[in-house]
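Fold and contact review
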Amino acid sequence: MPTPDVWLDTVTPKISIAISSMLPVLHKKGYTTLVTAKKQTQTTDMLDVLKVPYETVGEYGTTLKEKLAVEQKRTLEFLDLFDKIGYPKVLWTHGDVSAIRTAFGLKIPIVYANDTVFAYAVAKLACPLVDYLVTPKCFGKSWSKFGIFKSRIIHYDGLEEVAYVGTKFEKPKFLKTLEKQKKPIILFRDAEYQAVYCKDVKVNSEKLLQELTKLGTVICLPRYEEEKAKLESIPNVWIPPEPVLTAQLIPYIDLMIGSGGTACRETALCGVPTINFHFWDVQAQYLHKRGFPIQVSRSNKHIIAEAKKILANPQKFDVKKTLSEFESPIPVWTRYIELSLQNKSM
């Protein structure tokens, strides 16, 4: 492996997908790359599905003590890796503190993409150390409260999911099961309740899921491995047997309901009616105001009522024109990666 120009670090499925879309752009410009991924089923599964080469570095902790311990260990693992393959010239990442601290300590410029301003602990530790923060316009300058100069906050008029929405992904064979379904199909994604930043979700997701199964087949994308057995025992719940992208499911679904901010934005951007019960909804409101079919609700009763109304006349909306008005973050990310490389060589 050649010494990498650009180091891209991922710790979430969405960022794995975003990286797969950004790599061809960087390679076309002649840059060598290194992708590192924290060991977590959905993160590395996405990289495997997308055939993105990567190095597994670090893992997740559950308790606060474990989270702190694995973060320190991950830094040392980065150093061991770089001793073997060479030290990268710039880091692009999305919210992992250990990668950012490692790069800062090694005087490697940092381009920081983020759209989770509610993750206070990460933002407090990361923002003061980065060279550029690239973030959606809908957040304004709110990031400056975390210790980054306003001049280092770069906005674009869009969302991170625009980086890959519309990309044609190969459909896995097991999705043929859905072609035989005559009932309405609902995609469901629960809150990321093990995350430190997850706040109080008002919706009772367990009861909500039970009610939704009375309206049609529910495709459930579990957050954690330990959920699968319980969910599979619920009638009318279908869990994909292998990792799957939201984009691969969109042709089959009539309605998206969830607290998965990313999945809800992906479906809304593709014209699928979406009900979001995420605890933090700035981006959902942004999409709603721009005319995408997404609404925010904090009530089980209201969600079920809206679901019945939507499924009485299932339809997807034509959002191509509005979507075309959005700015993809990839050119912005690339621009600041290149600027960082230029500054480092001076």
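Above this text you will find the structure in question.
Residues numbered from 1 in each chain as written. Predicted model: local features only at pLDDT ≥ 70, side-chain atom pairs only at ≥ 80, totals over all residues. Heavy atoms only, no water.

Thoughts on the sheet that holds strand β11 (residues 255–258)
Judged by pairing direction, the sheet is parallel, and its 6 strands sit side by side in the order β10-β9-β8-β11-β12-β13 without closing on themselves. Every interior strand has two partners, whereas the edge strands, β10 (237–238) and β13 (294–296), have only one. Running over the sheet, helix α12 (residues 300–312) touches β8 (185–189), β11, β12 (274–276) and β13 and is turned about 170° from β11. (Pairing = 2+ DSSP bridges. Helix = DSSP H or I, 4+ residues; strand = E, 2+ residues; numbered from the N terminus. Contact = heavy atoms within 4.5 Å. Axes fitted to C-alpha atoms, helices over the stretch in contact; angles between N-to-C directions.)

Focus: the sheet that holds strand β6 (residues 132–136)
Across the sheet, 7 strands lie side by side as β3-β2-β1-β4-β5-β6-β7; this open sheet has parallel pairing. Strand pairing shows two members of the sheet lacking a second neighbour, β3 (55–59) and β7 (153–156), which therefore form its edges. On average, each strand axis in the sheet is tilted by 20° relative to the strand beside it, whichever way the strands run. Pairing analysis gives 3 bridges linking strand β4 (residues 90–93) to strand β5 (residues 110–113), with the strands arranged parallel. Counted as the bridge partner of L91 is I110 from β5. Of the strands in this sheet, β1 (6–10), β4 and β5 touch helix α4 (residues 97–105), which is tilted by about 165° from β4.

Side note on the packing of helix α7 (residues 205–212) against α12
Between α7 and α12, the shortest axis-to-axis distance is 10 Å and the interhelical angle comes to 25°. It follows that α7 is roughly parallel to α12 by the angle criterion. Handedness of the crossing formed by α7 with α12: right-handed. For the pair α7 and α12, the contacting residues are K207, L208, E211 and L212 in the first and N300, I303, I304 and A307 in the second. Of the residues contributing to the contact of α7 with α12, the split by class is 5 nonpolar, 1 polar and 2 charged. (Parallel < 35°, antiparallel > 145°, perpendicular 65-115°, else oblique. Left-handed = near helix turned anticlockwise from the far one by under 90°. Nonpolar A, V, L, I, M, F, W, Y, C, P; charged D, E, K, R; others polar.)

Some thoughts on the packing of aromatic side chains
This model, assessed by the stated rule, comprises 13 aromatic pairs. Ring centres of F78 and F82 lie 6.1 Å apart, and the angle between their planes is 15°; on these two criteria the pair is classed as stacked. One end of the pair is F78 and the other is F82, both in helix α3 (residues 64–85) and 4 residues apart, which spans about a single turn. Among the aromatic residues, ring-to-ring pairing joins W7, F78, F82 and Y87 into one connected group. (Phe/Tyr/Trp six-rings, centres within 6.5 Å; stacked < 30°, edge-to-face > 60°.)

What about the side chain of K38?
Position of K38 among the secondary structure elements: in strand β2 (residues 33–39). In this structure the side chain of K38 is engaged in a polar contact, spanning 3.0 Å, whose partner is the side chain of D96. Not counting chain neighbours up to four residues away, the residues in contact with K38 comprise T10, V11, T43, T44, V57, G58, E59, Y60, R74 and D96. (Polar contact = N/O pair within 3.5 Å; in protein donor to acceptor, adjacent residues only side chain to side chain.)

Here's the deal with unusual backbone geometry
The phi torsion at K107 lies on the positive side, around 60°, for a residue other than glycine. For K107, the location among the structural elements is in the loop between α4 and β5. The exposure class of K107 is exposed, given its relative accessible area of 72%. (Buried < 20%, exposed > 50% of the residue type's maximum accessible area, 1.4 Å probe, protein only.)

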